[in-house]
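This is what each chain is made of:
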Amino acid sequence: MDRVEVRIVNRLEDISRVADMVERFGAEHSIPGPAVDDLNVALDEALSNIVSYAYRPTEQGEIVVRLDYRTSEVQIEIEDAGPPFDPLQAPGPDLDKPLHERPIGGLGIHFIKSLMDEVAYIRLDGKNRLRLTKRLPAA
Amino acid sequence: MELIENQSDGVIIVEPRGRIDSVGSKTFGDRLTELIRSGSHHMLIDLQQILYISSAGFRCLLIARKLVDEANGKLVLCGMSSEVKRLFEIGAFTDLFTICTNRDEGVSKAK
């Protein structure tokens, strides 16, 4: 199975289901451990952001995660039905600040951009879609 | 996410296992805060058994570090794999923490 899809609701705990799925997907396709971990860190950042901001706390919202394996890369698509939000336009973190002044905001998207090879956002059919691509080392 | 705790030479050693992500960091952060507030001001966090740490986990480490500093204690990290170290580098956290290679060195630095 080169493509899998999982649907979760906007609860932090549901991110663990996605992480479990990514680990199984990685094992099935013999994806190297560090690449699987990179995918999971990037997913954790993107999903926790959606859970925190895309829907109102009382509202149950759906988030769809699709994984697509190709020989040389893994592509992830994350879809939510929240208001239009392009995380790539958010300001980055100030990494030069000393410890006690370090803001944590913006760090998540910085991790996503650093760990993935391509990151793209589109708004389509009233939904936010974030597409992450991770290239894999040649087998 | 699991947490194992040990004491050595007046230093509390906390060993998280699994993912320190936005789910696991809740348990992790709450426990670190609780330990520091109840008087454990010399702490070594051994990251040997973690899979990865995301920004939610880094937030916990920053908070723990601030609390320990306020108490004039010490917080030291050890046991980082090269992948975990890379995450620290990406977040520019390497220079913000005392990082040791193993527990023995970590305990002597955290005392």
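Before we move on, can you summarise the overall build of chain A with the specific residues and values?
Each helix and strand counted, chain A has three helices and five strands in total. Secondary structure elements of chain A, listed N to C terminal, follow the sequence β-α-α-β-β-α-β-β. A principal-axis box enclosing the C-alpha atoms of chain A has dimensions of 40 × 35 × 25 Å. Residue burial in chain A is summarised as follows: out of 139 residues, 51% are buried. A separation threshold of at least 6 residues defines the contact pool for chain A, and within that pool the share at least 24 residues apart is 62%. Positive and negative charge centroids in chain A, built from 17 and 25 side chains respectively, lie 4 Å apart.

Account for helix H4 (residues 103-110) of chain B, naming residues and giving values.
Residue and element names in this part refer to chain B. Regarding H4, the residues found buried are Gly106, Val107 and Ala110. Buried residues of H4, seen end-on, are gathered within an arc of 100° and therefore sit on one face of the element. Summarising the contacts, the buried residues of H4 are in contact with strand E1 (2-8), strand E2 (11-20), strand E3 (42-46), strand E5 (74-78) and strand E6 (98-100).

Residues and numbers for the confidence of the model for chain B, please.
Counting all residues, the mean pLDDT for chain B is 97, and 100% of those residues have values of 70 or more. Interface confidence in the predicted complex, given as ipTM, is 0.95; pTM for the same model is 0.94.

Please provide a residue-by-residue account of the packing of aromatic side chains, values included.
All names here are of chain B. Under the criterion given, the structure shown has four aromatic pairs over all chains. With a centroid separation of 4.4 Å and 10° between ring planes, the pair formed by Phe58 and Phe93 is classed as stacked. Placement of Phe58 in helix H2 (residues 55-70) and of Phe93 in the loop between helix H3 (82-90) and E6 is noted, with a sequence separation of 35 residues between them. Each of the two residues, Phe58 as well as Phe93, counts as buried.

Break down H3(B) for me, with residues and values.
Taken together, the buried positions of H3(B) are B:Val84, B:Leu87, B:Phe88 and B:Ile90. The buried residues of H3(B) occupy an angular sector of 165° when the element is viewed end-on, so they sit on one face. Structurally, H3(B) contributes buried residues whose contacts are with helix H2 (33-53) and helix H3 (107-115) of chain A together with strand E4 (50-53), H2 and E5 of chain B. Residue B:Ala92 follows H3(B) closely and has a positive phi angle near 55°.

Summarise the nonpolar core; cite the residues concerned and give the values.
The biggest cluster of nonpolar side chains holds 71 residues, and the ones touching the most others in it are A:Ile78 and B:Phe88. In terms of residue count, the dominant contributor to this core is H2(A) (10 residues). Here B:Phe88 is in contact with B:Leu47, B:Ile53, B:Phe58, B:Leu61, B:Leu77, B:Met80, B:Phe93, B:Thr94 and B:Phe97, once residues within four sequence places are set aside. In terms of nonpolar packing, the next biggest core, distinct from the first, is built from eight residues, B:Leu44, B:Val76, B:Cys100 and B:Ala110 among them.

Calculation rules
- Residues numbered from 1 in each chain as written.
- Chains lettered and ligands numbered in written order.
- Predicted model: local features only at pLDDT ≥ 70, side-chain atom pairs only at ≥ 80, totals over all residues.
- Heavy atoms only, no water.
- Helix = DSSP H or I, 4+ residues; strand = E, 2+ residues; numbered from the N terminus.
- Buried < 20%, exposed > 50% of the residue type's maximum accessible area, 1.4 Å probe, protein only.
- Contact = heavy atoms within 4.5 Å.
- Lys, Arg positive; Asp, Glu negative; His and termini not counted.
- Charge placed at Lys NZ, Arg CZ, Asp CG, Glu CD.
- Arc of directions from axis to C-beta.
- pLDDT = per-residue confidence, 0-100.
- Phe/Tyr/Trp six-rings, centres within 6.5 Å; stacked < 30°, edge-to-face > 60°.
- Core = buried A, V, L, I, M, F, W, Y, C linked by side-chain atoms within 4.5 Å.

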